[in-house]
Amino acid sequence: MQLPKTSVFATLLLLPLTVTVGTVESLKQCKCQPHLPCWPSKSDWQKFNSTVGGMLIADIRPISSACYKGTPDYNKARCDEVTKKFDDSFWRSNQPGAVQHTTWESYPPLEETCYLPSLISNKTQGQCKQGSVPQYAVRPRNAKDISAAVKFAAKHKIPVVIKNTGHDFLGRASRRNALMVWTHFMRDISFKNRYGRWKPAGCKGDKYKENGLLVKAGAGVMVFELAKAVSKKGRTVAAGAASTVGVVGGFIQGGGHSALGVWKGLASDNVVEFEVVLADGSIVKASACTNPDLFWALRGGGGSTYGVVTSAVLRTHENVSYVQYAINVTIPILPNETPGTANNTFWEVVNMWHSMAIEVNKLGGSGYYFLVTNYPVPEPKMTAHIFAASLLFFGQKDTKKVGKLLKPLHDWLYKTVGTLESGLVSWQISPAAPATDYLGTLPTTVGGQGETGISGSRLLSRELLSTPSGVKKSTDALRDIDYLGGFILGLYVTPGPKPVDSAAHSAWRKAVTHIVVAIGWQPGDSFERQVEIKNLMTNFMVPRLKSLDFDTKTGKQTMGAYVNEADKEELNWQDSFWGEKYGRLKKIKTKYDPHGVFWCRPCVGSEDWDLDGICKAPRQATGTGGCRIQGTMVQPENIGGEDWVFIV
């Protein structure tokens, strides 16, 4: 069959203007798009705007559009602001036309981007297109506004996307031709249970009574705001370490790790109640006693899937002491060394570090470590491999215990890399301090955003890292990934083996570390180049990590990945992100959102739709003569001649 010419990467859904018997059912199950008669009229949008108190934002454009000279969007003053604050995470959080990572502002199927012109590596790609930035957003004041938005979208079959700060590695806060529910300004924080008698919605009896202070956070509250507010009460909260992450949205709904994880579990483990706007617009509570299946799903089953969470009530914890440890190891690449010497030494350091992971975990150590190879050190000028780590031991006062734990590492480094006097090895153990000192001082200025790239991840098991051979396997895998150009971050944030009845992947309870790998490209790089890089992640880097915890007898993975820091295109993602819990989650999704009002990819139930969530995709092409377009089989005899509707 002859299709209209498009990019080789385009995944267009083509629907005939003359509807035939074979396509009528598909049309019934499609979302509406701006060029179709079903799209709301100007009058419809105006009425909706009145319903939400004037909180509708229309004609949203990508932030960099102001910098494209010769276009209607060009505005020098606005461009100067965009250029100055382009990588500022807080500034990006306040822009309806931006997310934290410009990867998800573009739309590869039609090669649409709107990069900041001054950053474009290939000056020939200098056009600004809408990409995946939605043109309409409602800025809700409360749950009623969200309910009105959901009802309006459902009535007109408009795609919905939910965004707080846009801090999402999988692009779930972006969606082309959608109505955005922008929860960022719902920032109320309040405290409950002063007298220790509070119970979650619908719960009766002492079994459900909460003893400690609880905090209720609105849908737009960010990590630094919650941590600061809780710290002022002399309490702590498991709520992440990146200041601009929205607490209540995808973070908690995806599980949510933090530096307090080893001590107090995942963020989702600490939620006792949600308020949620469902797909029919109803506003409900979810707790262990009210809508318990929904409560279970919202604690780890993924965001933007079951409803719009408007608030969550979380446990806070005592203000214990903590000891902090930091280390930096620099391995210079000397001009006269035997090729590979520095590289071998660096991976020996990584191997030694992971050989201690179990013992660090036993002492309550959590934190982050970075593996950076071939780094250009400015002073003294050289190229070096760098290992850097920061550990936090919550509930620990004794610095000597921490020092004793890490002494074998230090002694080994002195012999292998260099002494403290050499400057190649440096470490510090800080005196014990209150945990609020850590939580209450999260930065209120965060740069480094606006980049282009993708990530992948894997949870590595205690079993793997409990033996020298397992440690060696993990080192070899990370070395292979580094060779392919991946940046590697390790996180000791796993919650321990104590079971929690939630939707979070069971692998969290078996893991000792969480490995994130990232790889990027330059703004303006060709889409062919981007596809090559994405292929490296999906078909090489992530599978290499998967191979570490893999049952060769059953042919199944025994661990999983953290859905919030994973590869969007991960193969067999249902198993990787949720394991044996996926079937139950799918049933809950169907129960609370039978018509797919909420959709994101890869999220529970997203496989039932095409790649943009526009049309239901009940059948897959299998070489029977039909065309696989966005996951839907369209038979040649059902195509209505030369007239097409492009839904993109």
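Residues numbered from 1 in each chain as written. Predicted model: local features only at pLDDT ≥ 70, side-chain atom pairs only at ≥ 80, totals over all residues. Heavy atoms only, no water.

Colleague: Just checking my understanding: could you explain the environment of glycine 250 for this structure?
Modeller: Among the secondary structure elements, glycine 250 is positioned in helix α7 (residues 247-253). Sequence separation of glycine 250 and histidine 167 is 83 residues, and the distance between their C-alpha atoms is 9.0 Å. Excluding anything up to four places from it in sequence, glycine 250 contacts Gly303 and Asn564. (Helix = DSSP H or I, 4+ residues; strand = E, 2+ residues; numbered from the N terminus. Contact = heavy atoms within 4.5 Å.)

Colleague: Looking at this model, I keep getting lost on the sheet that holds strand β10 (residues 308-315). Mind explaining?
Modeller: In a beta sheet, neighbouring strands are held together by backbone hydrogen bonds and run either parallel or antiparallel to one another. Sheet architecture is open: five strands sit in the order β6-β7-β10-β8-β9, paired in antiparallel fashion. Taken across any chain shown, the strands that pair with only one partner, and hence form the sheet edges, are β6 (189-192) and β9 (283-286). Strand-to-strand twist in this sheet, taken as the mean axis angle between neighbours without regard to direction, amounts to 20°. Judged from the five bridges that link them, strand β7 (residues 214-218) and β10 form a sheet pairing that is antiparallel. Paired with leucine 214 across the two strands is arginine 315, which belongs to β10. Here helix α6 (residues 223-232) sits on the sheet in contact with β6 and β7, set at roughly 40° to β6. (Pairing = 2+ DSSP bridges. Axes fitted to C-alpha atoms, helices over the stretch in contact; angles between N-to-C directions.)

Colleague: Would you take a moment to explain the packing of helix α14 (residues 468-483) against helix α15 (residues 527-546) for this structure?
Modeller: The geometry of a pair of packed helices is captured by two quantities: the angle between their axes and the separation between those axes. Across the interface, α14 lies against α15 with an axial gap of 9 Å and an inter-helix angle of 175°. In terms of their interaxial angle, α14 and α15 are classed as roughly antiparallel. Note on element contacts: α15 touches α14 through Met541, Arg544 and Leu545, opposite Asp476, Ala477, Leu478, Asp480 and Ile481. For the contact of α14 with α15, the residue count by class is five nonpolar, no polar and three charged. (Parallel < 35°, antiparallel > 145°, perpendicular 65-115°, else oblique. Nonpolar A, V, L, I, M, F, W, Y, C, P; charged D, E, K, R; others polar.)

Colleague: How should α14 be read in this particular structure?
Modeller: In an α-helix, one turn spans 3.6 residues; hence positions three or four apart end up facing the same way. Between its first and last C-alpha atoms α14 spans 22 Å; for 16 residues at 1.5 Å apiece the expected length is 22 Å, and the two agree. Listing the buried residues of α14 in full gives Gly470, Val471, Ser474, Thr475, Ala477, Leu478, Ile481 and Asp482. The buried residues of α14 occupy an angular sector of 160° when projected down its axis, which confines them to one face. Turned more than 90 degrees from where α14 packs its buried face, Pro468, Ser469 and Tyr483 sit exposed. As for α14, its buried residues are in contact with α10 (341-355), β12 (365-377), β16 (453-461), β17 (487-492), β18 (511-520) and α15. (Expected span 1.5 Å × (residues − 1). Buried < 20%, exposed > 50% of the residue type's maximum accessible area, 1.4 Å probe, protein only. Arc of directions from axis to C-beta.)

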